[in-house]
Amino acid sequence: MKRIPIPRTIRELSDVFISNGHSLYVVGGAVRDYLLNTENNDWDFCTDALPEQVMSMFKFVVPTGINHGTVTVHFKGGEYEITTFRTEGNYSDKRHPDSVSFVTNLEEDLSRRDFTVNALAADCTNGIIIDLFDGISDLKNGVIRAIGDPYQRFDEDALRLLRMCRFCSKLGFTADIPTYESAKALAQTIQAVSKERIYDEISKILMSKVPSVGLKMMHSTGLMKYIIPQLDICAEIEQDKVGSDNVLSHIFNAVDAAAYYNYSLTVRWTMLLHDIGKPSCMKKIGNFTRFFGHDIESEKIALEVMKELKFSNAMQADVSVLIRNHMVRYKDDWTDGAVKRLINRVGVQRLNMLYEVLWCDQIASEGKARLEETDKLRKHIERVLDQPMSLKDLAVNGEDLMEIGIPKGPELGKILSQLLDMVIDYPTLNDRETLLRQAESLFNTK
Ligand code: ATP
Ligand code: MG
């Protein structure tokens, strides 16, 4: 009989249920991850007590998801999400049950869950694990298997299709054949899932240790074709890089590199989308394939994808700038002006992410990062950082130019940016008198 250790406060929480004639179980990820020896700070609980019964047992309870039977109990300094055992009615929209009914039997609750490894529960009084669907043996064998009839389970809730990819990626598992084949047959139903949930699931795949496991599964089941078709077709574009022979597998290698170095979600999304414009830029020149302008095209398509998947504005801005600049190749003959223009284009706050993007791309293209090149760029950036670089650093502003008779309007903006261009190349010219004189002559010779 397998047990999981139950922390003291959770045992005390469970005692309150017992003394009220009910029981409390921890279920899902916490049991699974304990058996796999991996960390999990997210404990989900379930009980036979009805939500209003739970609310009457404790002083501070918030009805966080009362329609689905979930309440949050505040107990001895902790917060615990507790859901009443339930079964679900039909899923006519392929995502949400038409109705939820509460039941008193744990087995019924566990049988509506998605995969056997997620349907393990443990009694909170003694930690004894309840394994009704052979989840422990699937954990040992590294298998994701739907509970019951896989086709029906995916047909009920299409989000489970992506959850299958996510758990395979997170745990390094493979899907059992009937589960995988059913997912493949129902791939197009993923379109019923909200864009926000799709974004969350893909982000979780990207944050796993080897994201390519889940991404490859998204591609091979057909899910990717329905979610990000522009990425899916990258598999048809041949390209000779280290460890990959097409654009999609190069992209997957770049994402894996970002995961290997534990880079942020922003960098991982950037790697996923950084070459998405290659199919539309491909040109055959003799024996070579070239992708001129793919940085700009990839940014454009990435923006469409990010809007569709409802990325935050901040994330859209970061990912676009990083993609647009992912082809930067620093050379020893770069002038200070060129470096400052790069800083302006990227933004100081994104420079570290840009180095990471360059490294991931290099690792996925050449097998290793060109650290020396980035190091030179970084040092050159440090040398120029305190020099004037943007309009706010100029020794004159728009009002100064209006005072010498240049009217407000687009012309004035153009003159300011010409002055900035000059100062970026020749910082010693950044004094008020010189700039006013120069502005006057630019205005008079227009
Ligand atoms: P994580 O470590 O990512 O939190 P988890 O297994 O706890 O993994 P959650 O998304 O927190 O996953 O869900 C908690 C539990 O609820 C799952 O283990 C599973 O039993 C059940 N579950 C969640 N979403 C679904 C779904 N769409 N269909 C069926 N069961 C689900
Ligand atoms: Mg969880």
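This report concerns the structure included in the present document. The structure displayed is predicted, hence computed values, not measured ones. (Residues numbered from 1 in each chain as written. Chains lettered and ligands numbered in written order. Predicted model: local features only at pLDDT ≥ 70, side-chain atom pairs only at ≥ 80, totals over all residues. Heavy atoms only, no water.)

1. Brief notes about the overall build of the protein
Along the backbone of the protein there are 23 helices and 15 strands. For 446 residues, the compact-globule formula gives about 22 Å, and the C-alpha radius of gyration of the protein, at 28 Å, lies well above that figure. C-alpha atoms of the protein, sized along the principal axes, occupy 90 × 60 × 40 Å. Residue burial in the protein is summarised as follows: out of 446 residues, 53% are buried. Looking at the protein alone, contacts between residues at least 24 apart form 64% of all its contacts between residues at least 6 apart. Surface accessibility of the protein: about 21300 Å² in total, with carbon and sulfur atoms responsible for 50%. (Helix = DSSP H or I, 4+ residues; strand = E, 2+ residues; numbered from the N terminus. Rg over C-alpha atoms; globule rule 2.2 N^0.38 Å. Buried < 20%, exposed > 50% of the residue type's maximum accessible area, 1.4 Å probe, protein only. Contact = heavy atoms within 4.5 Å. Areas by Shrake-Rupley, 256 points an atom, 1.4 Å probe, with all protein chains shown as cover.)

2. Topic: helix α16 (residues 294–308)
Here α16 is 15 residues long and its end C-alpha atoms lie 21 Å apart, about the 21 Å a rise of 1.5 Å per residue gives. Contacts made by the buried residues of α16 are with α12 (229–232), α14 (265–273), α15 (278–281) and α17 (313–324). The positive-phi residue at the C-terminal boundary of α16 is K310, with phi of around 60 degrees. (Expected span 1.5 Å × (residues − 1).)

3. Quick notes on helix α23 (residues 432–444)
Between the first and last C-alpha of α23 there are 18 Å, a value that for 13 residues agrees with the 18 Å anticipated at 1.5 Å per step. Taken residue by residue, α23 has T434, L435, L436, A439 and L442 as its buried positions. Of the surrounding elements, those touching the buried residues of α23 are α21 (398–403) and α22 (410–425). Capping of α23 at its N-terminal end is provided by D431; its side-chain oxygen lies 3.2 Å from the backbone amide nitrogen of E433. (Polar contact = N/O pair within 3.5 Å; in protein donor to acceptor, adjacent residues only side chain to side chain.)

4. Looking at the site of ligand 1
Within the structure, ligand 1 sits among 16 residues, and R32, N118, D157, R160 and R166 are positioned closest to it. The backbone of D114 places a nitrogen or oxygen atom 3.2 Å from a nitrogen atom of ligand 1. Within the side chain of R163, a nitrogen or oxygen atom sits 2.9 Å from an oxygen atom of ligand 1. Across the complex, the protein chains shield 80% of the 590 Å² of accessible surface that ligand 1 would expose by itself. Mapped onto the shell around ligand 1, the elements with two or more residues apiece are α2 (29–35) and α7 (159–171). The dominant element in the shell around ligand 1, judged by the number of residues it contributes, is α7, at 5 residues. (Near = heavy atom within 4 Å.)

5. Considering the packing of helix α18 (residues 336–346) against α22
Their axes nearest at 8 Å, the elements α18 and α22 cross at an angle of 125 degrees. Comparing the axis directions of α18 and α22 gives the class oblique. Note on element contacts: α22 touches α18 through D421, V423, I424 and D425, opposite G337, K340, R341 and N344. Among the residues making up the contact of α18 with α22, the classes are represented as 2 nonpolar, 2 polar and 4 charged. (Axes fitted to C-alpha atoms, helices over the stretch in contact; angles between N-to-C directions. Parallel < 35°, antiparallel > 145°, perpendicular 65-115°, else oblique. Nonpolar A, V, L, I, M, F, W, Y, C, P; charged D, E, K, R; others polar.)

6. Structural notes on the pattern of salt bridges
The full count for this structure, using the stated rule, is 30 salt bridges. Note that E297 and K300 form a salt bridge whose closest N and O atoms lie 3.8 Å from each other. Here E297 pairs with K300, and both are found in helix α16, just 3 residues apart, close to one helical turn. Since its relative accessible area comes to 46%, K300 is described here as partly exposed. (Salt bridge = Lys/Arg side-chain N within 4 Å of Asp/Glu carboxyl O.)

7. Here we look at the packing of helix α13 (residues 247–260) against helix α19 (residues 351–366)
One way to put it is that α13 packs onto α19 with a least axis distance of 8 Å and a crossing angle of 130 degrees. In terms of their interaxial angle, α13 and α19 are classed as oblique. Remark: the crossing between α13 and α19 carries right-handed chirality. Across from H250, N253, A254, A257 and A258 in α13, the residues of α19 making contact are C360, D361, I363, A364 and S365. Taken together, the residues that form the contact of α13 with α19 break down as 6 nonpolar, 3 polar and 1 charged. (Left-handed = near helix turned anticlockwise from the far one by under 90°.)

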